[in-house]
Structure formats: C-alpha cells, structure tokens
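Now for the letters of each chain:
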Amino acid sequence: VGPRGRVVGVDADRALLQVARRRAREAGLSNVEHRFAALPRLPFRAQTFDGVRSERVFQHLKQPRESLEALVRVTRAGGRVV
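Scope of this entry: the structure provided in the associated data block. Along each chain, residues carry numbers from 1 onward, in the same order as the chain's sequence is written. Local features in this predicted model are restricted to residues whose pLDDT is 70 or higher, and side-chain atom pairs enter the listing and the counts only when it is 80 or higher, whereas totals over whole chains, interfaces and linings include all residues. Side-chain measures here rest on the full set of heavy atoms in the structure, leaving out hydrogens and waters.

## Here we look at the pairing of strand β3 (residues 49-52)
Okay, step 1: When DSSP finds two or more bridges between a pair of strands, those strands are recorded as paired. Note on conventions: DSSP H or I runs of at least 4 residues are helices, E runs of at least 2 residues are strands, and numbering of each starts at the N terminus. Inspection of the sheet shows β3 paired to strand β4 (residues 75-81) by 3 bridges, in the parallel sense. Residue pairing in the sheet places F49 in a bridge with T75 of β4.
Okay, step 2: Traced from β3 through helix α2 (residues 64-73) to β4, the parallel crossover comes out right-handed. The definition of a right-handed crossover adopted here requires that, viewed with the strands pointing away, the path from the first strand over the helix to the second runs clockwise.

Written as structure tokens, this is what we have:
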C-alpha cells in the first residue's frame, strides 16, 4: 500500500486479532490496523477502501450474498474485491 496507505484487517476472533497485531508490531508495520468485526456487518462507511480481500472466509459464512454486498459497499468505485 506504500508509505502513505493503510491496511485494515478484520476478524471475528479476538485471539487471532491479537496474533495479527503482534505479528504486525514485530514486523514494524505502523500502517496496519486490526478491527474486531464480522461479515456482513462491517463497521466502515461506504466507499472507504480502494480494495478489499477475503481469504478462506466465504466457505464458513451463513450469509455469503450479504457478505459480498458488504465488501462491495465498502470498496470505492473502480476498486477491487478479491
């Protein structure tokens, strides 16, 4: 994301968030934030991010369509949802 960008990681597991925070700190990453949240209820305004990425999540969701809609909602026009 470059020196002026930021990364926001989201997880519904507080223990995994602590691990992610520790790893980011150990790697010296100051532009990384970790938030407790779960799809499809994301705590971000519409068109917040240039891109969003979800890995190994949709297979576990009870509301995959609503979750995808939430990812699209928080992505800026022309952004990427991966």
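From this point, the discussion proceeds with the structure in view.
## Structural notes on α2
Okay, step 1: For every residue, the accessible area (1.4 Å probe, protein chains only) is compared with the maximum for its type, and the residue is labelled buried under 20%, exposed over 50%, or partly exposed between those bounds. By the burial criterion, the buried members of α2 are S67, A70 and L71. All buried residues of α2 fall inside an arc of 100 degrees around its axis, so they share one side.
Okay, step 2: When checking whether two residues touch, look at their non-hydrogen atoms; a contact exists if any pair is within 4.5 Å. Where α2 is buried, its residues meet β3 and β4. It is the directions from the helix axis to the C-beta atoms that the arc portrays.

## Here we look at the side chain of H34
Okay, step 1: The topology assignment puts H34 in strand β2 (residues 32-36).
Okay, step 2: Once residues within four sequence positions are removed from consideration, H34 is found in contact with G9, L17, A20, R21 and A24.

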